[in-house]
Amino acid sequence: NAGVMQNPRHLVRRRGQEARLRCSPMKGHSHVYWYRQLPEEGLKFMVYLQKENIIDESGMPKERFSAEFPKEGPSILRIQQVVRGDSAAYFCASSPYGTGGKSTEAFFGQGTRLTVV
Amino acid sequence: AQSVAQPEDQVNVAEGNPLTVKCTYSVSGNPYLFWYVQYPNRGLQFLLKYITGDNLVKGSYGFEAEFNKSQTSFHLKKPSALVSDSALYFCAVRDMRGNRDDKIIFGKGTRLHILP
């Protein structure tokens, strides 16, 4: 069972370009999280999705950022018109829909390191 | 809204000594609590979780954590530290309110240095 796959691992974009980050969850997982990590800082929650539905996007910046998790294919985090401040590591995690003592932890990918030049 | 606090930015421990990394949380429902470890330029690895049952939970690499409801704490512990334990440790909480499936929130992390 492959883990959470993120690509690309490293992404360089010029200011004003678009960045697309992809995340394929673990097999059987229907929920995906996106987090941002700045150097020497913790993980900031961005968005929580299930297939074709955004559960919680309270951590997403109001402009330029969007996320989707279509019925088929990976989850995509899209950043339009990138600025230097968007440079960070972006982590995706997946979990099965679970409550009541079942497996509820999230499993993380290796991250995409975005550098805006 | 749920929150989690890790009061120490860094913890230094001599190899062979016991270690503790502190975590406190705040939720409105029942907490699901987690510890993760991150090595340089890597993603987070799951260490252990508390869902229900025994307050002392055991996880990977000899780590354990104690859930204390009255103090709303979930401190990570290990009886004898190894140099290879040096890494960034994150505490996380999920607020389980009824059947609602809520997001997982992470603390800011504690950097653990094990001194040879």
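The shown structure was predicted, so the numbers you read here are calculated from the model rather than taken from an experiment.

> So what about the interface of chain A and chain B? Which residues, and what values?
Residue-level contacts link 30 residues of chain A with 25 residues of chain B. Together chain A and chain B conceal approximately 2000 Å² of surface at their shared face, both sides included; 48% is due to carbon and sulfur atoms. Contact with chain B buries surface across chain A, with Leu43, Thr104 and Glu105 of chain A losing the most and accounting together for 23% of the total. Run the count over chain A and chain B and you get two salt bridges.

> I'd love a proper account of the pairing of strand 5 (residues 30–38) of chain B, names of residues and values included.
Residue and element names in this part refer to chain B. Judged by how many residues are buried, strand 5 sits mostly within the fold: eight of nine residues are covered. With nine bridges connecting them, strand 5 and strand 10 (residues 87–96) associate as antiparallel partners. Residue pairing for strand 10: leucine 33 is matched across the bridge by valine 93. As judged from the six bridges shared by strand 5 and strand 6 (residues 44–50), these two strands associate in the antiparallel manner. Pairing of tryptophan 35 across the sheet is with leucine 48, part of strand 6. Counting the residues between successive antiparallel strands, the hairpin from strand 5 to strand 6 contains five residues, one of them, asparagine 41, with a positive phi of roughly 60 degrees.

> Give me the pairing of strand 3 (residues 19–24) of chain A: which residues, what numbers.
All names here are of chain A. Burial along strand 3 is one-sided: Ala19, Leu21 and Cys23 are buried, while Arg20, Arg22 and Ser24, pointing the other way, are not. Direction of pairing for strand 1 (residues 5–7) relative to strand 3: antiparallel, over a ladder of three bridges. Paired with methionine 5 across the strands is serine 24, a residue of strand 3. As judged from the five bridges shared by strand 3 and strand 8 (residues 75–79), these two strands associate in the antiparallel manner. Counted as the bridge partner of arginine 20 is arginine 78 from strand 8.

> How would you explain the nonpolar core if you had to name every residue and give the values?
Residues Phe108 of chain A together with Trp35, Leu48, Phe74, Tyr89 and Phe106 of chain B are the most contacted members of the largest nonpolar core, which totals 48 residues. Ranked by the residues each element gives to this core, the list is headed by strand 10 of chain B, at eight residues. Core analysis: the second largest hydrophobic core is formed by 23 residues, Leu11, Ala19, Phe65 and Leu77 of chain A among them.

> Lay out the state of the cysteines with the relevant residues and their values.
Applying the stated criterion to the full structure yields two disulfides over all chains. Paired through a disulfide, cysteine 23 of chain A and cysteine 92 of chain A show a sulfur-sulfur distance of 1.8 Å. For the disulfide bridge between cysteine 23 of chain A and cysteine 92 of chain A, the dihedral angle about the S-S bond is near -55 degrees, and by the sign convention the bridge is left-handed. Of the two residues, cysteine 23 of chain A is situated in strand 3 and cysteine 92 of chain A in strand 9 (residues 88–95); the sequence distance between them amounts to 69 residues. Disulfide pairing is shown between cysteine 23 of chain B and cysteine 91 of chain B; the S-S distance is 2.0 Å.

> For the layout of surface pockets, give the residues involved together with the corresponding values.
Within this model, the largest pocket holds a volume of roughly 370 Å³. Gln37, Pro39 and Glu40 of chain A together with Gln38 and Asn41 of chain B are, among the 18 residues lining the largest pocket, the residues nearest its centre. Going through the elements one at a time, strand 9 and strand 11 (112–116) of chain A together with strand 10 of chain B are the ones with two or more residues in the lining of the largest pocket. The space that makes up the second largest pocket amounts to roughly 170 Å³. As for the second largest pocket, its lining consists of Glu40, Glu41 and Gly42 of chain A together with Asp9, Gln10, Leu88, Lys108, Gly109, Thr110 and Arg111 of chain B. Its residues assigned to classes, the lining of the second largest pocket shows one nonpolar, four polar and five charged.

Cut-offs applied
- All residue numbers refer to position in the chain's written sequence, counted from 1.
- For this description, chains carry letters from A and ligands carry numbers from 1, given in the order in which they are written.
- Selection of residues for local features in this predicted model requires a pLDDT of at least 70, selection of side-chain atom pairs for listing and counting requires 80 or more, and totals for whole chains, interfaces and linings are taken over all residues.
- Based on all heavy atoms of the structure, the side-chain values leave hydrogens and waters out of the count.
- Only heavy atoms enter the contact rule, under which two residues are in contact if any of them lie within 4.5 Å.
- Throughout, the accessible surface (probe 1.4 Å) given up by two parts as they are put together, summed over both, is called the buried area.
- Salt bridges are defined as contacts in which a side-chain nitrogen from Lys or Arg sits within 4 Å of a carboxyl oxygen from Asp or Glu.
- Burial classes follow relative accessibility: with a 1.4 Å probe on protein chains only, a residue under 20% of its type's maximum area counts as buried, one over 50% as exposed, and anything between as partly exposed.
- Segments assigned H or I by DSSP are reported as helices when at least four residues long, segments assigned E as strands when at least two residues long, and all are numbered from the N terminus.
- Pairing between strands requires that DSSP locate at least two bridges from one strand to the other.
- Nonpolar cores are built from buried Ala, Val, Leu, Ile, Met, Phe, Trp, Tyr and Cys residues. Side-chain atoms within 4.5 Å join them into one set.
- Any pair of cysteine sulfurs within 2.5 Å is marked as a disulfide.
- In this analysis, the protein atoms alone were mapped onto a 1 Å grid. Cavities are point sets where a 1.4 Å probe fits without being able to get out; pockets are open sets with protein on both sides within 12 Å along at least five of seven lines; lining residues have an atom within 4 Å of a point.
- Grid points are joined across faces, edges and corners, and a volume is the space filled by probe spheres set on the points.
- Amino acids are sorted into nonpolar (Ala, Val, Leu, Ile, Met, Phe, Trp, Tyr, Cys and Pro), charged (Asp, Glu, Lys and Arg) and polar (every other residue, Gly among them).

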